[in-house]
Amino acid sequence: MLANSIVVLDFETTGLSPDQGDRAIEIGAVKLDKGVITDRFQALMNPGRRISSFIEHYTGINNRMLAVAPTCAKVMTDFSNFIGSSNLLAHNAAFDSRFLAAEFSRLGQLVQGEFACSLLLARRIYQDAPNHKLGTLIDYKNIPSEGNFHRALFDAEMTAELWLIMLNDLCERYGIEHIPFSLVKKLARTPKAQVNKLLTNYAAKVS
DNA sequence: TGCCAGGCCCTCTTTAGGGCCTT
């Protein structure tokens, strides 16, 4: 289990690339303390433009909902206070970290916490899974899921549940009680063929 | 007018290409 708090987050956005002008339209997040969800954050935000019909269908978020939502600046300021200096986690963190950095940049802020990625970890430890999409992994691990995928808070909650199960699986597999955040980050950058060796060595060191 | 993401990771690789993930 993790000793320190970690914020698991998920963005819904107008598209795939903040560098191409895409903006966040919803942020959802849960805070994990010692393996337990202790807080939640969810907010729609008005990106100042209409979103495409594709995004409306993909997320279930429509232009009428966003027209009455607070601005990105307001929501992201609140979210900055929520995450503080916590470490961060997302499924395909490369995506969410780009949007978080872009929205924070508009506020003149920098992201403080370090990102871990549940997708990179899942690719290493669940190599038999049909694929490594969030929804597939939730089914693969038989995690109860009543809600709408592609909504930010639900995806963040599911990512958190998946994360805890991955850590638990690793602890059981290697006979260890705790996997520090720094080790998980290192694991996600380790070639698949060396993952077993890294964890075996760690288990021997802490036993 | 034409183009349009980016990072990871595998392989028929490294002087590259393409699938997987995220919206």
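Here we summarise the structure given alongside this text.

About the thresholds
Residues numbered from 1 in each chain as written. Chains lettered and ligands numbered in written order. Predicted model: local features only at pLDDT ≥ 70, side-chain atom pairs only at ≥ 80, totals over all residues. Heavy atoms only, no water. Pairing = 2+ DSSP bridges. Helix = DSSP H or I, 4+ residues; strand = E, 2+ residues; numbered from the N terminus. Axes fitted to C-alpha atoms, helices over the stretch in contact; angles between N-to-C directions. Contact = heavy atoms within 4.5 Å. Core = buried A, V, L, I, M, F, W, Y, C linked by side-chain atoms within 4.5 Å. Buried < 20%, exposed > 50% of the residue type's maximum accessible area, 1.4 Å probe, protein only. Near = heavy atom within 4 Å. Polar contact = N/O pair within 3.5 Å; in protein donor to acceptor, adjacent residues only side chain to side chain. Nonpolar A, V, L, I, M, F, W, Y, C, P; charged D, E, K, R; others polar. Left-handed = near helix turned anticlockwise from the far one by under 90°. Salt bridge = Lys/Arg side-chain N within 4 Å of Asp/Glu carboxyl O.

### So, the sheet that holds strand β2 (residues 24–33)
On the basis of which strands lie adjacent, the open sheet formed by five strands has the order β3-β2-β1-β4-β5 and mixed pairing. Each of the sheet's edge strands pairs with one partner strand only, and the pair in question is β3 (36–44) and β5 (115–117). Across the sheet, the axes of successive neighbouring strands diverge by a mean angle of 25 degrees, strand direction being ignored. As paired strands, strand β1 (residues 6–13) and strand β4 (residues 87–90) are joined by three bridges and run parallel to one another. Looking at the pairing, Val7 lines up with Leu88 of β4. Packing of helix α3 (residues 72–83) onto the sheet brings it into contact with β1, β2, β3 and β4, and relative to β3 it is tilted by some 170 degrees.

### Some words on the nonpolar core
Counting 37 residues, the largest nonpolar core has Leu121, Tyr126, Leu162, Trp163, Met166, Leu170 and Ile179 as its most contacted members. Looking at this core, the elements that each hand over two or more residues are β1, β2, α5 (118–125), α6 (134–140), α7 (152–174), α8 (181–187) and α9 (192–206). A per-element tally of this core places α7 first, with 11 residues. Residue contacts for Leu162: discarding those within four places in its chain leaves His91, Tyr126, Leu134, Leu137, Ile138, Lys141 and Ile143. Judged by nonpolar contacts, the second largest core, of 27 residues, contains Met76, Phe82, Phe99 and Phe104.

### A closer look at the protein's contact with DNA strand B
Close to DNA strand B lie 29 residues; Glu12, Tyr58, Arg124, His132 and Arg189 are nearest. Among the atoms of DNA strand B lying within 4 Å of the protein, the sugar-phosphate backbone contributes 67%. Here a phosphate oxygen of DNA strand B and a side-chain polar atom of Asp19 are 3.3 Å apart. Of all the secondary-structure elements, those providing two or more residues to the surface near DNA strand B are β1, α1 (53–59), α4 (93–106) and α5. The class makeup of the residues in the surface near DNA strand B is nine nonpolar, 10 polar and 10 charged.

### Notes on the packing of α5 against α7
For the pair α5 and α7, interaxial distance at closest approach is 11 Å and the crossing angle is 40 degrees. Regarding α5 and α7, the two cross each other, and that crossing is left-handed. Only Thr159, Trp163, Met166, Leu170 and Arg173 of α7 make contact with α5, whose side of the interface consists of Ser118, Leu121, Ala122 and Ile125. Split into classes, the residues belonging to the contact of α5 with α7 amount to six nonpolar, two polar and one charged.

### Considerations on the pairing of β2
For β2, the tally of buried residues reaches nine of 10 residues, placing the bulk of the element in the interior. Alignment of β1 against β2, held across eight bridges, turns out to be antiparallel. Pairing of Asp10 across the sheet is with Gly28, part of β2. Pairing of β2 with β3, which is carried by eight bridges, proceeds in the antiparallel orientation. Paired with Val30 across the strands is Arg40, a residue of β3. Hairpin connection from β2 to β3: two residues lie between these consecutive antiparallel strands, with Lys34 at a positive phi of about 50 degrees.

### A look at the pattern of salt bridges
In total, this model carries six salt bridges according to the counting rule given. One salt bridge in this structure joins Arg40 and Glu157, with 2.6 Å as the shortest N-O distance. With a gap of 117 residues between them, Arg40 in strand β3 and Glu157 in helix α7 connect regions that are remote in the sequence. Taking the relative accessible area as the measure of exposure, Arg40 reaches 45% and is therefore partly exposed. For Glu157, a relative accessible area of 18% translates into the label buried. In this structure, Asp78 engages Lys74 in a salt bridge whose closest nitrogen and oxygen atoms are separated by 2.6 Å.

So, to be careful, I would describe these as geometric facts and stop short of saying anything about function.
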